[in-house]
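# Observations on chain architecture
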Amino acid sequence: MKFILSIFLALTGGAAAFSLQMSSKIPSKEVSLTQRLIERTSGQQTGGAGGTSSYEGFLRAEANWKRLKQSQPFDYDPKVLSRDDGPQLFVTDDGATGNQVCWEKLRGQKDKQLDYDIAICGGTLGIFFATSLALRGHKVIVVEAGILRGREQEWNISLDEMEELLCLGVLSQEDIDAVITTEFPGCRSGFKNKEVTPLTGGYFDNDIGYETITNDVLNLGVAPSLLLERVKKRFLELGGTIKEETRLQGVVVSEALGSALDLGEDVEPITASLVLDCMGNASPISRQQRYGQKPDGVCAVVGSCASGYDAATNLMGDIIYTHTEIYDKGPNGKLQYFWEAFPVNIGRNGNEPGTSSMKTTYMFTYMDADEMRPSLETLMEDYWRLLPVYQPSISDPENDLDIHRILFAFFPTYRDSPLKPQWSRVLAIGDASGIQSPLSFGGFGALTRHLERITGAISNALEHSLLHKDDLAEINAYTPNLSATWMFQKAMSVQVGQSVDSKFVNRLLATNFEVMDNMGVRTIKPFLQDVVRIDGLLGSLARSFVADPTFMPSIVAHVGVPRLVDWLGHISMMILYTLLHSLVSPILEPIVEGALKDEREKYRWRRRMEAWKFGKDSYLFIA
């Protein structure tokens, strides 16, 4: 504002004294609590969502969130719209566009070996795919814009998910023992209209909510810095290549020759048979492909890792928790805030439970990307305000806590996930493909679940040169479990202008979790470990209806009949996929492996059977 006034006065001949007098009357904007705390918190910058914790990074995230909210969806048809109307061409298969040096190198390597079998763009989670593919004998390079390292803040995971990496050879048992820095018994799930701890009885007994504790779920804290260091070392020992501090400028694709990475004017391009996009939900490749789309949903998360909490009670985690009703944010719409919390530095390496005052806390919410939705700073300010209510051992976060790191991010989600490739020889994996649930704000659990399937399919495709976009699309096939999770996000969010009882979400989740808890550990533990089996899902829904039959009309009104019908269709497909996997796959597999001679048909039937297997149960990546 001062700058504009100065320019105006200079152009109109205004006196400098008048300019100073006017500017002195302009009140300075008060520095927010969020800005003060972020600026006093130092931390290294890493790749991935939430990988920056500086105030400049916060402002960039805020600007990106504002830009997304203000965007308007439209149908983009490259055959109708001119190139000037379309997206920036980060990927091109038109030889007249893109970096011509890349095209020249590709043409020069015709009938010769390309530089690599696979080029992986994005290293934070890409290094896991790279190591698994190197173990299968492929020549792999990882291109990372920054330094490939993990942040200091722990990732929380269950032991069986870590053992997936052990079984694949990505980690050794020694690695697992070294990278697990925290271990505690289990996590609480709770849904309450107000903070009461401990809480006994069910929702209709106390009119507040329900809470339960489940052991051995997300009860391990893994140090990403140690984890990535070990996996990186393993990858290099296998002969892999890593190019750090190398920003990808674009990709050119020739279906016949291969792909080439544009790394800038002064850097020689890299050629590869296949490019894997592991650059997360902000990937420029996915952004180009989704040009004109607006996300169907958003998971926004803010949080911090800090010391200063009561060490004696810092013994368990919270996996999903509420302690307020739905907040009416006026023109910003209505939001239900959820919380997670995990102890840090207890239970491993000699740290006794009750000795650490450090924990990580998150507050997250589900919403659409409507222009009226609140800013990240609004969410962050609500987080600081509500944190003492959630963690009553503190009263003033600014003075009571030693904050090590502050997290802020938003995760756009799309109903047409996982993303099928638009170009041959380019495949989105991980968060870039949307393989994680719309309930998720972290892709590590999804990675461990799908790593063997995806890398096996990629290896199979490379072996037989099945790199056309239609062949690669079989890897990111429709899975009804992922599509079915949209109902959960819809039920836990409120559209702008929608009328809803402020207790709706807590009543819905408290009733369902009490039912699952009463059904036993066989139902609730897999759910919290990211797996909802169709029998448990249908059983819990039926019992929830019996427990609260008058609530059903409210649920239908909230989610809408069209969305409910759509969800029932995906549930029906889950049942079908379960039957196909259980009854058809055992008969079909020996025929495919023994009788089929056409490699493309064999490849596609393998992918179909994998889709039945991985699509039959609902994988909810909550943490």
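Attention in this report is confined to the structure presented alongside it. If you're wondering where the values come from, they're calculated on a predicted model, not measured in any experiment.

Broken down by element type, the protein carries 23 helices and 20 strands. Across the 623 residues that make up the protein, the buried fraction comes to 57%. Considering only residue pairs separated by 6 or more positions, the protein has 79% of its internal contacts joining residues 24 or more positions apart. Surface exposure of the protein reaches about 26,700 Å², of which carbon and sulfur atoms provide 53%.

A separate point is helix α20 (residues 534-547). Over its 14 residues, α20 runs 20 Å from end to end, which matches the ideal 20 Å to within 8%, given 1.5 Å per residue. Considered for burial, the residues of α20 that qualify are I534, G536, L537, G539, S540 and S544. Tucked inside the fold, the buried residues of α20 contact α17 (486-491), α18 (504-519), α19 (521-528) and α22 (561-594).

This part covers the packing of aromatic side chains. For the structure on display, the rule yields 18 aromatic pairs. Residues W65 and F410 carry aromatic rings whose centres are separated by 5.2 Å and whose planes lie at 45 degrees to one another, so their mutual orientation is tilted. Separated by 345 residues along the polypeptide, W65 in helix α4 (residues 55-70) and F410 in strand β19 (residues 402-413) bring together distant segments of the chain. Here the aromatic cluster, defined as three or more aromatic residues joined through ring pairs, consists of Y321, W339, Y383, W384 and Y390. Looking at R608, its charged tip hangs above the ring of W605, at a distance of 4.5 Å from the centre.

This next bit is on the sheet that holds strand β18 (residues 358-367). Sheet architecture is open: seven strands sit in the order β7-β6-β14-β17-β18-β13-β19, paired in mixed fashion. Bordering the open sheet on either side are β7 (209-215) and β19, each of which pairs with just one other strand. Adjacent strand axes in the sheet meet at a mean angle of 15 degrees when their direction is disregarded. Each of β6 (186-192), β13 (297-307), β14 (317-322), β17 (338-343), β18 and β19 touches helix α12 (residues 376-390); the most contacted strand, β13, lies at about 50 degrees to it.

This brings us to the sheet that holds strand β8 (residues 220-222). Taken in spatial order, the three strands of this open sheet run β4-β8-β5, and their pairing is antiparallel. The open sheet has two edge strands with one neighbour each: β4 (155-157) and β5 (180-183). Sheet twist, expressed as the mean angle between neighbouring strand axes with direction ignored, is 30 degrees.

Once that is clear, we can look at the pattern of salt bridges. Evaluated as defined, the whole model comprises 20 salt bridges. For R415, the salt bridge is made with D566, and the minimal N-O distance between the two is 2.6 Å. One end of the pair, R415, is in the loop between β19 and β20 (426-428); the other, D566, is in helix α22, with 151 residues separating them in the sequence. Judged by relative accessible area, R415 falls into the partly exposed class, the value being 33%. The structure contains a network of salt bridges with shared partners spanning R188, K192, E211 and D318.

It is at 5 Å that the axes of α18 and α19 come closest, and there the two elements cross at 125 degrees. Relative to α19, the element α18 is oriented oblique. In contact with F513, M516, D517 and M519 of α18, α19 contributes T523, I524, F527 and L528. Taken together, the residues of the contact of α18 with α19 break down into six nonpolar, one polar and one charged.

Another point: the packing of α20 against α22. At a minimum axis distance of 10 Å, the contact between α20 and α22 shows a crossing angle of 140 degrees. With respect to each other, α20 and α22 are oriented oblique. Where α20 approaches α22, its residues I534, L537, L538 and L541 are matched on the opposing element by W567, I571, M574, I575 and T578. A class-by-class count of the residues in the contact of α20 with α22 yields eight nonpolar, one polar and no charged.

Together, D160, E163, E164 and E452 make up a region of like negative charge exposed at the surface. Of the residues forming the negative patch, the biggest block, three residues, is contributed by helix α7 (residues 159-167). Secondary-structure assignment places E163 in helix α7.

A few words now on α7. Where α7 is concerned, the buried positions are E161, M162 and L165. Taken around the axis of α7, the buried residues stretch over an arc of 100 degrees, which confines them to a single face. Buried positions along α7 lie against α6 (126-135), β4, α8 (173-179), β8 and α14 (444-463). G169 lies just past α7 and shows a positive phi near 85 degrees.

In this structure, the C-alpha to C-alpha distance between R415 and W486, residues 71 residues apart in sequence, is 7.4 Å. Residue contacts for R415: discarding those within four places in its chain leaves D296, W486, R563 and D566.

Checked against the element boundaries, S286 lands in helix α11 (residues 284-289). Of the residues examined, S286 reaches a relative accessible area of 6% and is grouped as buried. What S286 contacts, discounting residues up to four positions off in sequence, is D277, L419, A428 and A432.

Here we take up unusual backbone geometry. Trans peptide bonds make up most of the peptide bonds, and negative phi angles are found at most residues other than glycine. That bond from T197 to P198 is cis: its omega, -5 degrees, falls within 30 degrees of zero. In this fold, P198 is placed in the loop between β6 and α9 (203-206). Omega for the peptide link from S417 to P418 comes to 0 degrees, which places this bond in the cis form. For N345, which is not a glycine, the phi torsion comes out positive at approximately 65 degrees. Mapped onto the elements of the fold, N345 is located in the loop between β17 and β18.

Parameters at a glance
Residues numbered from 1 in each chain as written. Predicted model: local features only at pLDDT ≥ 70, side-chain atom pairs only at ≥ 80, totals over all residues. Heavy atoms only, no water. Helix = DSSP H or I, 4+ residues; strand = E, 2+ residues; numbered from the N terminus. Buried < 20%, exposed > 50% of the residue type's maximum accessible area, 1.4 Å probe, protein only. Contact = heavy atoms within 4.5 Å. Areas by Shrake-Rupley, 256 points an atom, 1.4 Å probe, with all protein chains shown as cover. Expected span 1.5 Å × (residues − 1). Phe/Tyr/Trp six-rings, centres within 6.5 Å; stacked < 30°, edge-to-face > 60°. Lys NZ or Arg CZ within 6 Å of the ring centre and 35° of its normal. Pairing = 2+ DSSP bridges. Axes fitted to C-alpha atoms, helices over the stretch in contact; angles between N-to-C directions. Salt bridge = Lys/Arg side-chain N within 4 Å of Asp/Glu carboxyl O. Parallel < 35°, antiparallel > 145°, perpendicular 65-115°, else oblique. Nonpolar A, V, L, I, M, F, W, Y, C, P; charged D, E, K, R; others polar. Patch = residues over 30% accessible without salt bridge, like charges linked within 9 Å, V, L, I, M, F, W, Y side chains within 5 Å. Lys, Arg positive; Asp, Glu negative; His and termini not counted. Charge placed at Lys NZ, Arg CZ, Asp CG, Glu CD. Arc of directions from axis to C-beta.

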